[in-house]
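Coordinate analysis (summary)
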Amino acid sequence: MCSKQSDSKVAHNQTDALSCTQQSCLLTPKITNLELASRGLSSKHDTKPHHERKYQSSSESDCDLEGWLGKRGDSDFWRRKMRTFHSILDLNKDGVISFDDFKLLADGFVDLGHLSEKHTQEFYKVIQDLWEKQFGEITAYNLISVERFLENMHHVLNDKRLVRRAHSFLPYLFKAVDKDASGQITVEEFKLFFNVLGLKEMDAVLAFRAIDSNGDGRISSQEFVKHGRDFFVTEDEERISKYFWGPLVEH
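Here goes a summary of the coordinates provided. (Residues numbered from 1 in each chain as written. Predicted model: local features only at pLDDT ≥ 70, side-chain atom pairs only at ≥ 80, totals over all residues. Heavy atoms only, no water.)

**Observations concerning the packing of aromatic side chains**
Applying the stated criterion across every chain, the model contains 25 aromatic pairs. With a centroid separation of 6.5 Å and 80° between ring planes, the pair formed by F190 and F244 is classed as edge-to-face. With a gap of 54 residues between them, F190 in helix 10 (residues 187-197) and F244 in the segment after helix 12 (221-233) connect regions that are remote in the sequence. Of the two residues, F190 and F244, neither departs from the other in class, the shared state being buried. It is K81 that lies over the ring of F231; its NZ or CZ is 5.3 Å from the centre. (Phe/Tyr/Trp six-rings, centres within 6.5 Å; stacked < 30°, edge-to-face > 60°. Helix = DSSP H or I, 4+ residues; strand = E, 2+ residues; numbered from the N terminus. Buried < 20%, exposed > 50% of the residue type's maximum accessible area, 1.4 Å probe, protein only. Lys NZ or Arg CZ within 6 Å of the ring centre and 35° of its normal.)

Here it is in structure tokens:
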């Protein structure tokens, strides 16, 4: 049985932290909350294949999932984050999103011209699969209101199978803005990301500085995916992932 604080947080008065893999749980030296927020808690004994754990965040281990399935998504802060993402997807700001909004946003990243043909095809397939699995059929009448979106994301958050796929589109967004295919993006490349989302350049700079925890002026693909995914699955207001999709809506 696994026993672990939610969101991989560690109390200040602890000397050890419990980390878990699918096979075992073990005590490891204490890691500060700041370190956890910037890079997550991982185990050296993870035996999953590399391609399965490459984009895995600290909050998606089996121990974590089993501890909070059915118990997440009720905080006002989490709902505010989901409203923020719905607003980004709602391109014409009519209060609902459709598959056309989903695809048009994907088109914006493809139009940057940095995705290969193979990755472009994969990206569109991922987008379509996500829509169909989360929102249902692709028709002009399947319109997702804010409340329906919140209900759907609440379901995703509390389903171990679905939550593991919640980040499947993020690597393609990274590749789309990684102009030189270096595997790292600079603040100028991060501005491209926010530009496609319809967000302000200054907000991109502020978000980049928050996510670039070591201050080296670059964000790796793994960091990008981790913080992007954490935005959806954490309710901790101290997590820097709250800046990933720009300023949060007021209500």
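Structure shown, so let's carry the discussion forward.
**Quick look at the pattern of salt bridges**
Pairs may arise between side chains of opposite charge once their charged atoms sit close together. A full pass over the atoms with the stated rule returns 8 salt bridges. With a shortest N-O distance of 3.5 Å, E147 and R79 are connected by a salt bridge. In this pair, E147 is assigned in helix 7 (residues 146-157) and R79 in helix 4 (residues 76-89), connecting sequence segments 68 residues apart. In this structure, the salt-bridge partner of K118 is E122, at a minimum N-O distance of 2.6 Å. With K118 and E122 both in helix 6 (residues 117-135) and 4 residues apart, the pair spans about one turn of that helix. (Salt bridge = Lys/Arg side-chain N within 4 Å of Asp/Glu carboxyl O.)

**Structural notes on the side chain of D203**
Structurally, the position occupied by D203 is in helix 11 (residues 201-211). Put simply, D203 is tucked away with no salt bridge, and the nearest opposite charge, on K200, sits 5.5 Å away. If sequence neighbours within four positions are ignored, D203 has contacts with F194 and P247. (Lys, Arg positive; Asp, Glu negative; His and termini not counted. Contact = heavy atoms within 4.5 Å.)

**A closer look at helix 6**
Relative to the 27 Å expected for 19 residues at 1.5 Å per residue, helix 6 spans 27 Å between its end C-alpha atoms, a close match to the ideal helical length. Taken together, the buried positions of helix 6 are occupied by T120, F123, V126, I127, L130, W131, Q134 and F135. Along the long axis of helix 6, the arc covered by the buried residues comes to 130°, so they all point the same way. Every exposed residue of helix 6 that faces more than 90 degrees away from the buried side is listed here: E117, K118 and Q121. Contacts from the buried residues of helix 6 go to strand 3 (96-97), helix 5 (99-110), strand 4 (144-145), helix 7 and helix 9 (170-177). (Expected span 1.5 Å × (residues − 1). Arc of directions from axis to C-beta.)

**Quick look at the environment of Y172**
Its location among the elements puts Y172 in helix 9. Take Y172: its relative accessible area is 12%, and that puts it in the buried class. Spatially, the C-alpha atoms of Y172 and V126 are 9.4 Å apart, while their sequence positions differ by 46 residues. Beyond its immediate chain neighbours, meaning those up to four positions away, Y172 contacts L115, H119, E122, F123 and V126. Within the structure, Y172 has its side chain in polar contact with the side chain of E122 (distance 2.9 Å). (Polar contact = N/O pair within 3.5 Å; in protein donor to acceptor, adjacent residues only side chain to side chain.)

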